[in-house]
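# Structure assessment
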Amino acid sequence: MKRNYYIVALIMLTFFVISFLTNVIGPLVPDIIKGFNLSLTLVALLPFAFFIAYGVMSIPSGMLIEKYKEKKIMIAGFVIAFFGSILLAIVPNYLTAVLSLFLIGCGMAMLQVVINPLLRSAGGEEHYAFNSVLAQLIFGAASFLSPLVYSYMVQHLNDSNTFLSSFRSFVPVSLPWISLYWLFAGICLLMIAVIFFSKFPKVELTKEEEVGPLQTHIQLFKKRVVILYFIAMICYVGTEQGIANWISQFLSTYHGYDPQTTGAENVAYFWGLMTAGGVVGLLLLKIMDSRKVLISFTILALICLTLALFGPAKISLIAFPITGFFASVMYPIIFSLALNSVKEHHGSFSGIIVTGIIGGAIVPLIIGWLGDHLGLRSGMFFLYVTMGYILSIGFWARPIITNKTIKLFGNKENA
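Residues numbered from 1 in each chain as written. Predicted model: local features only at pLDDT ≥ 70, side-chain atom pairs only at ≥ 80, totals over all residues. Heavy atoms only, no water.

The next point concerns the confidence of the model for the protein chain. Here the protein chain shows a mean pLDDT of 86. Residues at 70 or above account for 88%. Here residues 409–415 is a poorly scored stretch, pLDDT under 50, and it has 13 contacts once near neighbours within four places are set aside; other chains count. (pLDDT = per-residue confidence, 0-100. Contact = heavy atoms within 4.5 Å.)

This part covers the pattern of salt bridges. Across all of its chains, the model carries 1 salt bridge by this definition. Measuring nitrogen to oxygen at the nearest pair gives 2.9 Å for the salt bridge that ties Arg291 to Asp289. When sorted by exposure, Arg291 lands in the same class as Asp289, which is buried. (Salt bridge = Lys/Arg side-chain N within 4 Å of Asp/Glu carboxyl O. Buried < 20%, exposed > 50% of the residue type's maximum accessible area, 1.4 Å probe, protein only.)

This next bit is on the packing of aromatic side chains. The geometry of an aromatic ring pair is captured by the separation of the ring centres together with the interplanar angle, meaning the angle of the planes. Scanning the entire structure with this criterion turns up 23 aromatic pairs. Ring geometry for Phe50 and Tyr54: centres 6.2 Å apart, planes at 50 degrees, overall tilted. Taken together, the residues span about one helical turn, with Phe50 and Tyr54 both in helix α3 (residues 40–90) at a distance of 4 residues. We classify Phe50 as buried; its relative accessible area is 0%. Aromatic pair Tyr181 and Phe184: ring centres 5.0 Å apart, planes at 75 degrees, arrangement edge-to-face. (Phe/Tyr/Trp six-rings, centres within 6.5 Å; stacked < 30°, edge-to-face > 60°. Helix = DSSP H or I, 4+ residues; strand = E, 2+ residues; numbered from the N terminus.)

This part is about the packing of helix α11 (residues 259–284) against helix α13 (residues 313–327). The geometry of α11 relative to α13 is characterised by a closest axis approach of 6 Å and an angle of 30 degrees between their N-to-C directions. When the interaxial angle is binned, α11 and α13 end up roughly parallel. For the pair α11 and α13, the crossing hand works out as right-handed. Residues Thr262, Asn266, Tyr269, Phe270, Leu273, Met274, Ala276, Gly277 and Val280 of α11 lie in contact with α13, whose contacting residues are Leu317, Phe320, Pro321, Ile322, Thr323, Gly324, Phe325 and Ala327. (Axes fitted to C-alpha atoms, helices over the stretch in contact; angles between N-to-C directions. Parallel < 35°, antiparallel > 145°, perpendicular 65-115°, else oblique. Left-handed = near helix turned anticlockwise from the far one by under 90°.)

With that settled, consider helix α14 (residues 330–339). Burial within α14 is extensive, with 7 of its 10 residues counted as buried. Every buried residue of α14 is accounted for by Met330, Ile333, Ile334, Phe335, Leu337, Ala338 and Leu339.

What follows concerns the environment of Ala244. Among the structural elements, Ala244 can be located in helix α9 (residues 224–244). A relative accessible area of 2% places Ala244 in the buried class. A C-alpha to C-alpha distance of 7.9 Å links Ala244 and Pro27, two positions 217 residues apart in sequence. Aside from chain neighbours lying at most four places away, what touches Ala244 is Gly26, Val267, Phe270 and Trp271.

A word on unusual backbone geometry. The residue Asn37 is not glycine, and still its phi comes out positive at about 55 degrees. The residue Asn37 is located in the loop between α2 (25–36) and α3 in this model. A positive phi is found at Lys69, a non-glycine position, where the angle reads about 70 degrees. The topology assignment puts Lys69 in helix α3.

Moving on: a nonpolar patch on the surface. There is a patch of nonpolar side chains on the surface, built from Phe130, Leu134, Leu137, Val279 and Leu283 and spanning about 450 Å² of accessible area. Of all elements in the fold, only α5 (128–156) and α11 reach the threshold of two or more residues within the nonpolar patch. Here the element with the most residues in the nonpolar patch is α5; it accounts for 3 residues. Residue position: Leu137 is located in helix α5. (Patch = residues over 30% accessible without salt bridge, like charges linked within 9 Å, V, L, I, M, F, W, Y side chains within 5 Å. Areas by Shrake-Rupley, 256 points an atom, 1.4 Å probe, with all protein chains shown as cover.)

Its 30 residues place the ends of helix α4 (residues 94–123) 42 Å apart at the C-alpha level, agreeing with the 44 Å of an ideal helix rising 1.5 Å per residue. Most pronounced at Ile115, the bend in α4 amounts to some 25 degrees, and the proline Pro117 follows within four residues. Of all the 30 residues making up α4, 21 are buried; the element is thus mostly covered by neighbouring parts of the structure. Sitting at the head of α4, Asn93 places a side-chain oxygen 3.1 Å from the backbone nitrogen of Leu95. Just downstream of α4 lies Gly124, where phi reads positive at about 90 degrees. (Expected span 1.5 Å × (residues − 1). Bend = angle between axes of the 7 residues up to and from the residue. Polar contact = N/O pair within 3.5 Å; in protein donor to acceptor, adjacent residues only side chain to side chain.)

This brings us to the nonpolar core. If you look at the biggest cluster of nonpolar residues, it comprises 131 residues, and the most contacted ones within it are Trp177 and Tyr181. Broken down by element, this core gets its largest block of residues, 19 residues, from α3. Listed in part, the 6 residues of the second largest apolar core include Val226, Ile234, Ile352 and Ile358. (Core = buried A, V, L, I, M, F, W, Y, C linked by side-chain atoms within 4.5 Å.)

What follows is the structure, given as structure tokens:
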């Protein structure tokens, strides 16, 4: 199949935008608490609204693609995200923030369902692994940049800078972070225009990629291994978002750091080191069994989390981002171990695992609720539960196929 470089570039841009809009929630938490006078539980309902949208929209989006095809669904995803962004920008209050993030989450879920099969088709099956890694690096780069853009915008909103001054009259003085949602609305409009004028290739799913009927999902859920990996994905996304969403508030509460500068930068470094860790993890998976990599990195992540929660200010500032570095291998290893643990229905199983993204809704909410009653540090103890479960996978996983490794001084062999 001939590669469509334009569509591959468009997909990479879409990955960037999804990440840019998604992973800015954490740095905003302290500002939202202050601006809307919220408890930790109430502010945790915002990421809950965003990530629960994945559970609501993922399967319906797959059905809609069959009827309306990729281009229309991508446009619809960005239209929904635009309305979510403009709603909060025009009417900034807590209730509209919940609805706004739910709508943006629905849009992002629709896009996620479209772009992975589209990347395989447009980029060529033989290049899919490389393109997937590249997409994750771009996703990570956007996660790193979005907190820095937020920090820059809130600090320079009142400067004479022409670009930022255009937001000033539309943004309440007490809520400078709302300017981000005007920016998001503009980005969504730009993406709608780009996609509208783009010509899309025909995407044909392989039998393994097709999402089976409801009966297939029910059949899979009767398998213990499927439930175990579904819980694993909930734990992973919950861990990732549970850390990222509360870093800035933790540093502000316990160490007095400014959330608009130091807090936002720390979240950016968390995502940046997670991206770097992903590259290191890929190299390690060529020489080590994936289960050993998972055990090693999870233990190191737990040590860093402990230092972040209990160490002095300067240690905490370093340990939170390094936790992201060691958490980086969890997602790809969990996903590959899961798919390599069943013999059939990989398309349907993938859909079940992806639905585990709702962990990003559940875990931050639990941390917020515990934080209101016991203090945020105690609330973040729940991360030991989720990371403990991830650690256990390295001991009980029994994949049918193990990752292929390379002997440093010899020929290839299976781990």
